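The chain contents come next:
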Amino acid sequence: MPTLTRGSGPRVPTSLTDPDRDCPFCPRLAEFRSEVRAREPGWFNAPVPSFGGADASLLIVGLAPGLQGANRTGRPFTGDYAGDLLYATLIDYGFAQGHYQARPDDGLQLIDCRISNAVRCVPPQNKPLPLEINTCRRFLIATIEAMPKLRAIVLLGRIAHDSTLKALGLRAAQAPFGHGAVHDAGRLRLYDSYHCSRYNTNTGVLTPKMFRDVFARVRTDLDT
Ligand SMILES: O=c1cc[nH]c(=O)[nH]1
């Protein structure tokens, strides 16, 4: 595995793979979280932890929780529009089993797969700032470090791609982002995909087939 580099900002123990419920590192995101907590006290409203076991071979990195999706339910992509295509694809390729019902108690189980986000807190307008992406990278680094069997990382969108490259200490020129691009980094193989967002799927930037093709390749690589 390439050397993992730590971002700047307050130091946290290397073993801390998920932020504290009241993580203070990004003041704008903490303030937004407080506002939403006051408005929607029944929602999860906290940094969303990774979903799936640390012993998985596959890690999927998304952007950030959606306001009414993962931020409401507490499970990555759960209740978000993007989760419909993601979880259906994972089930089809044997990376999940059960019935995805957009709720964290739907019994869905990931198989040899873990899902995380580049930024763990919901950002206003779904747009984290560069400083917030940099600050939250320590949790991505710790998440990767805590996965001893990790072989494949699917990067959903450019922000996940760029942040994971930095987490792995790789230069952007070594692994340019492109849908379907595959980059080798030591014992890891990185797979780029356009993000399965509502915008990308509704505009045809990403079709279900394009998305499935990425996971078909991961499946084949992991099985050989
Ligand atoms: O990137 C994304 C999009 C929706 N929900 C997530 O958890 N992550």
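Residues numbered from 1 in each chain as written. Predicted model: local features only at pLDDT ≥ 70, side-chain atom pairs only at ≥ 80, totals over all residues. Heavy atoms only, no water.

(A) Examining the packing of helix H3 (residues 81–92) against helix H7 (residues 208–223) more closely. Where H3 meets H7, the closest approach of the two axes is 10 Å, and the angle between their N-to-C directions is 45 degrees. In terms of axis orientation, H3 runs oblique to H7. In terms of crossing hand, the pair formed by H3 and H7 is right-handed. Mapping the contact onto sequence places Leu 85, Leu 86, Thr 89, Leu 90 and Asp 92 in H3 and Pro 208, Phe 211, Arg 212 and Phe 215 in H7. Considering only residue class, the contact of H3 with H7 consists of 6 nonpolar, 1 polar and 2 charged. (Axes fitted to C-alpha atoms, helices over the stretch in contact; angles between N-to-C directions. Helix = DSSP H or I, 4+ residues; strand = E, 2+ residues; numbered from the N terminus. Parallel < 35°, antiparallel > 145°, perpendicular 65-115°, else oblique. Left-handed = near helix turned anticlockwise from the far one by under 90°. Contact = heavy atoms within 4.5 Å. Nonpolar A, V, L, I, M, F, W, Y, C, P; charged D, E, K, R; others polar.)

(B) Structural context of the site of the ligand. Near the ligand the following residues occur: Gly 62, Leu 63, Ala 64, Pro 65, Gly 66, Ala 70, Pro 76, Phe 77, Asp 80, Asn 117 and His 195. At 2.8 Å from a nitrogen atom of the ligand is found a side-chain nitrogen or oxygen belonging to Asp 80. Contact with the protein chains removes 94% of the 240 Å² of surface that the ligand exposes when unbound. Among the cavities detected, the one that contains the ligand is the largest pocket. Residue composition of the shell around the ligand, grouped by class: 6 nonpolar, 4 polar and 1 charged. (Near = heavy atom within 4 Å. Polar contact = N/O pair within 3.5 Å; in protein donor to acceptor, adjacent residues only side chain to side chain. Areas by Shrake-Rupley, 256 points an atom, 1.4 Å probe, with all protein chains shown as cover. 1 Å grid on protein atoms, 1.4 Å probe; cavity = no way out; pocket = protein on both sides within 12 Å on 5 of 7 lines; lining within 4 Å. Sits in = over half its atoms within 2 Å of the grid points.)

(C) Layout of the sheet that holds strand S7 (residues 188–193). Taken in spatial order, the 5 strands make up an open sheet running S4-S1-S5-S7-S6, and their pairing is mixed. With one partner strand each, in any of the chains shown, strand S4 (113–117) and strand S6 (182–185) form the two edges of the open sheet. Neighbouring strand axes in the sheet, compared pairwise and without regard to direction, differ in orientation by 20 degrees on average. Direction of pairing for strand S1 (residues 58–62) relative to strand S5 (residues 152–156): parallel, over a ladder of 4 bridges. Bridging across to S5, Val 61 finds its partner in Leu 155. In the packing of helix H4 (residues 130–145) onto the sheet, the strands contacted are S1, S4 and S5, and the crossing angle to S1 comes to about 170 degrees. This element, H7, spans S1, S5, S6 and S7 of the sheet and lies at about 170 degrees to S7. (Pairing = 2+ DSSP bridges.)

(D) Layout of the environment of Tyr 191. Structurally, Tyr 191 can be placed in strand S7. Residues within four places of Tyr 191 in sequence aside, it is in contact with Ala 152, Ile 153, Val 154, Leu 155, Ala 181, Val 182, Val 214, Arg 217, Val 218 and Asp 221. Within the structure, Tyr 191 has its side chain in polar contact with the side chain of Asp 221 (distance 2.6 Å).

(E) Local environment of unusual backbone geometry. Non-glycine residue Asn 45 carries a positive phi angle of around 50 degrees. Relative to the helices and strands, Asn 45 is located in the loop between helix H1 (27–39) and S1. Assessed through its relative accessible area of 2%, Asn 45 is described here as buried. Not every positive phi belongs to a glycine, and Asn 126 is a case in point at roughly 65 degrees. With respect to the element layout, Asn 126 can be found in the loop between S4 and H4. (Buried < 20%, exposed > 50% of the residue type's maximum accessible area, 1.4 Å probe, protein only.)

(F) Summary view of empty space enclosed by the protein. Per the stated rule, a full pass over the model turns up 1 cavity of 30 Å³ or more. Forming the walls of the largest cavity are 16 residues, and the residues nearest its centre are Cys 23, Cys 26, Leu 29, Cys 121 and Cys 136. For the lining of the largest cavity, the secondary structure elements donating two or more residues are H1 and H4. Counting residues per element, the lining of the largest cavity draws most heavily on H4, at 4 residues. For the lining of the largest cavity, the per-class residue count stands at 12 nonpolar, 1 polar and 3 charged. (Points joined across faces, edges and corners; volume = space filled by probe spheres on them.)

(G) Just the state of the cysteines, in detail. Within the structure shown, the criterion is met by 0 disulfides. Left without a disulfide partner, Cys 136 is nearest to the cysteine sulfur of Cys 26, which lies 6.2 Å away. For Cys 136, a relative accessible area of 8% corresponds to the buried category. (Disulfide = S-S within 2.5 Å.)

(H) Main features of the layout of surface pockets. Here the largest pocket is characterised by a volume of approximately 690 Å³. Looking at the lining of the largest pocket, the elements that each hand over two or more residues are H3, helix H5 (158–167) and helix H6 (198–202).

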